[in-house]
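# Notes for the structure review
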Amino acid sequence: MHYKLRLNRTASGAGFFACLPSENCDFGDLLEYLKACPLDDFMHKHLLNAVLQFDKKQFSALFLTARADGDRALLALLYEACLISDDFSFLRKEFKEMNPKQLSRFTPMLDIRSEQTDDPEMATLLADYRAMAIFVQFQDMSPAFGVPCYHG
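What comes next is a walk through the structure. (Residues numbered from 1 in each chain as written. Predicted model: local features only at pLDDT ≥ 70, side-chain atom pairs only at ≥ 80, totals over all residues. Heavy atoms only, no water.)

## Notes on the overall build of the chain
A count of helical and extended segments in the chain gives eight helices and two strands. For the chain, the sequential pattern of α-helices and β-strands runs β-β-α-α-α-α-α-α-α-α. Per-residue burial over the chain gives 31% buried out of 152 residues. Within the chain, residue pairs in contact and separated by at least 24 positions form 52% of the contacts whose partners lie at least 6 positions apart. As displayed, the chain offers around 9400 Å² of accessible surface, 53% of which is attributable to carbon and sulfur atoms. (Helix = DSSP H or I, 4+ residues; strand = E, 2+ residues; numbered from the N terminus. Buried < 20%, exposed > 50% of the residue type's maximum accessible area, 1.4 Å probe, protein only. Contact = heavy atoms within 4.5 Å. Areas by Shrake-Rupley, 256 points an atom, 1.4 Å probe, with all protein chains shown as cover.)

Shown next, in the form of structure tokens:
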């Protein structure tokens with residue numbers, strides 16, 4: 001898959017860019033690519049933004065299809081959408097029954113792993129943020145060679 005850096009949106013005079021697929025593919029084709037390459041960060045973020053635009057009926061239908069097919073890459077994507085958007089929180093308990101820790105292997109994002117933390121302080125902090133409609137997204141800031149770096 002080839003990507004192009006494109007202007008995603010503007011707000012307050014600032015432009016926000018994203019790496020988007022350079023080819024015009026339909027949603028189904030992009031999902032097939034994600035199944036083949038579940039750790040493709042750019043595709044994952046692109047599809048996550050796409051499913052966050054779905055209404056509850058579309059989202060639920062996609063969830064039922066993914067669950068019936070056992071599509072772990074798509075289930076991981078949908079679970080992350082449930083974690084970061086209150087619009088889809090009604091499905092969180094469905095994911096809890098599926099062993100969500102297993103889904104974390106099918107995503108480059110850190111949301112599922114952070115949700116499954118054994119650290120009670122972190123779990124409380126994340127729950128408090130969600131209660132205030134603040135949906136935290138984690139991002140790995142490590143460079144390609146693996147040495148942690150700090151952004152601050």
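## A closer look at the pattern of salt bridges
Taken as a whole and judged by the stated rule, the model has four salt bridges. Here Glu32 ties to Lys35 by a salt bridge, and the two come within 3.1 Å at their closest N and O atoms. Of this pair, Glu32 and Lys35 both sit in helix H1 (residues 27-36), three residues apart, which is roughly one turn of that helix. A relative accessible area of 46% places Glu32 in the partly exposed class. Between Asp41 and Lys45 there is a salt bridge, and its shortest N-O distance comes to 3.4 Å. Taken together, the positions of Asp41 and Lys45, both in helix H2 (residues 41-51) and four residues apart, correspond to about one turn of that helix. Ionic contacts of the salt-bridge type, sharing partners, join the residues Glu32, Lys35 and Asp71 into one network. (Salt bridge = Lys/Arg side-chain N within 4 Å of Asp/Glu carboxyl O.)

## What about the pairing of strand E2 (residues 14-21)?
Where strand E1 (residues 3-11) and E2 come together, eight bridges link them in antiparallel fashion. Across the sheet, Ala11 pairs through a bridge with Ala14, a residue of E2. (Pairing = 2+ DSSP bridges.)

## Side note on the side chain of Asp71
One can find Asp71 in the loop between helix H3 (56-69) and helix H4 (72-84). Within the structure, Asp71 has its side chain in polar contact with the backbone nitrogen of Ala73 (distance 3.4 Å). With residues up to four places along the chain from it excluded, the contact list for Asp71 reads Lys35 and Ala66. (Polar contact = N/O pair within 3.5 Å; in protein donor to acceptor, adjacent residues only side chain to side chain.)

## Describing the packing of H2 against H4
Following both chains from N to C, one finds H2 and H4 inclined at 60°, their axes separated by 10 Å at the closest point. Taken together, the axes of H2 and H4 lie oblique to each other. The crossing of H2 and H4 is right-handed. Note on element contacts: H4 touches H2 through Leu77, Leu78, Glu80, Ala81 and Ile84, opposite His44, Leu47, Leu48 and Val51. Looking at the contact of H2 with H4, its residues break down into seven nonpolar, one polar and one charged. (Axes fitted to C-alpha atoms, helices over the stretch in contact; angles between N-to-C directions. Parallel < 35°, antiparallel > 145°, perpendicular 65-115°, else oblique. Left-handed = near helix turned anticlockwise from the far one by under 90°. Nonpolar A, V, L, I, M, F, W, Y, C, P; charged D, E, K, R; others polar.)

Keep in mind that these numbers describe shape and distance, not what the molecule does.
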